Each structure stands twice: as structure tokens, then as C-alpha cells.
Amino acid sequence: MIILYGPSLFLAQLIATLLFGGLLKVQYERTQSMEVAEQKSLAISQLLRQTVAALSSAMVHRDPTTANHQKNVAKLSVAIGKLLGLDAQRLEGLQLAALVHDIGQIQIPAEILARARKLSNEEFELIKMHSEAGYAILHDIPFPWPIAEIVYQHHENLDGSGYPRQLTNDEILLEAKIIRVADSMEAMLSHRPFRRAYDKEFAFVELHKFSGKYYDPDVLDACFRLFKEHNFSFSE
């Protein structure tokens, strides 16, 4: 090649070959680094999911009704989130938050949760502490999503009448607004110790009364469309 094309072209080809080899090495190392980072990310994600599963399991052993409620709320919340266009990563955080949104109830006496009558004012005030208790349980876990804050906010209302911090409108995370609607809808459609489940039409009417007051109208509309147009069911 030196004889046919001269030393200059050979040198250029040699430099190009070396540069190409260098680029391949850099790309290989970058790919390896990305693979390691991805593996670490998957491992962390798996660990966090296991953490949520362990917390959910604790609720199953203590209060099966609440544990089943959380699973149903998670399913409905994710379906609402998809209809609202949330991306996959945000949906994952929403799902995990919904799966533990009532984890703070673990500090409430089981006999109060299972009581076959309406709660007294004192008992209800005790129940209301579960949002703060859930935040206290979750806030030191290094989730890549604001799980603890979502749990903290899931009983806040748009008009500031919720608890525990009386947040309003844009102060409330969208994920918390979604869980607020899913939580209420699931509760109305499920049997409780002190009453039987309501039917869907009754639930639609009751929740619609508080659209824009307690519930985000867009979130509520997405929830209703799931049941009316997409035949959503907790049992599927």
C-alpha cells in the first residue's frame, strides 16, 4: 500500500484506523458504564419495590381490608395516570405511592379500623393522623419519586379543606390529586364494616358534587371515563 499510494495516504489511513479504534474503545467503555449504571438502577428500583412490598405485607397481616384497598387504589390511580398522559417513570412512582398511601394506619388500633359503626369525632381525628404517620415512615427512604410527600398530601383538597396541612390547588402534587380521587372512588364502591358498597352511579353523583372543591376536575373526569367508557374493574 505504501508503494502504490504513497506514505502520506498510508499515514492518513493509519491515523484514521487508530482514531476509529479509539472511538470504538470509548464507545465500548461508555456502553459498559451505561450497562453498569442501568444494572445499578434496576437493582435500586427492585430494592425500593421490595421495600414497598414489605410495607404492604405488614398491612396485610395487620389489616387485610386496608391492604386490599391500597392495591385497588394503586390499580385505579395508574389507570387514571395513563389516561392523563403520565410517562412510565412517573406512573411507577404513582403506583408505589398508592400501594402505601395508608401505611400510616399501621399505628392506629386495629379495632378502630374494623369497627362496625361510624367513627366518633375522637376516633376520626386519630384516623386523620395517618397521613403524617405515613410521611414519617417513608421520608427517609431514598425513592427517586416524592413518595413520602405524595402520601402526606393524599387527603388534601383543592379548596384547602383537607388535611393535614390544608394545601390548595397547585400546592398539591398531581399524584396526590390522583390518589385522592382513586381513594374516594374505591372506598365508595367497597363494603365497609359500617355500610355496604354503593353502586357506581351513586358514586359518580357524590364525587361530582365536589369537583373543583375537593377533587381536581380533570382527574375526576378521567376516573369517570375509565368506568363509563373503558369498563374499568378492580377485579380484572
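Keep in mind it's a predicted model, so treat the numbers as computed, not measured.

Caption draft 1: Fine view of unusual backbone geometry. The omega angle of the peptide bond from Y163 to P164 is 10°, so this bond is cis rather than trans. Relative to the helices and strands, P164 is located in the loop between α8 (147–153) and α9 (174–188). Unusually for a residue other than glycine, Q166 sits at a positive phi of about 50°. For Q166, the location among the structural elements is in the loop between α8 and α9. Non-glycine residue N231 carries a positive phi angle of around 50°. What makes N231 exposed here is its relative accessible area of 58%.

Caption draft 2: Just the packing of aromatic side chains, in detail. According to the stated counting rule, one finds nine aromatic pairs in the structure shown. Centroid distance F227 to F234: 6.2 Å. Interplanar angle 65°. Geometry classified as edge-to-face. Lying over the aromatic face of Y152, R165 brings its terminal NZ or CZ to 3.7 Å of the ring centre. The ring of F204 has K228 lying over it, and the distance from NZ or CZ to the ring centre is 4.9 Å.

Definitions and cut-offs
- Residues numbered from 1 in each chain as written.
- Predicted model: local features only at pLDDT ≥ 70, side-chain atom pairs only at ≥ 80, totals over all residues.
- Heavy atoms only, no water.
- Helix = DSSP H or I, 4+ residues; strand = E, 2+ residues; numbered from the N terminus.
- Buried < 20%, exposed > 50% of the residue type's maximum accessible area, 1.4 Å probe, protein only.
- Phe/Tyr/Trp six-rings, centres within 6.5 Å; stacked < 30°, edge-to-face > 60°.
- Lys NZ or Arg CZ within 6 Å of the ring centre and 35° of its normal.

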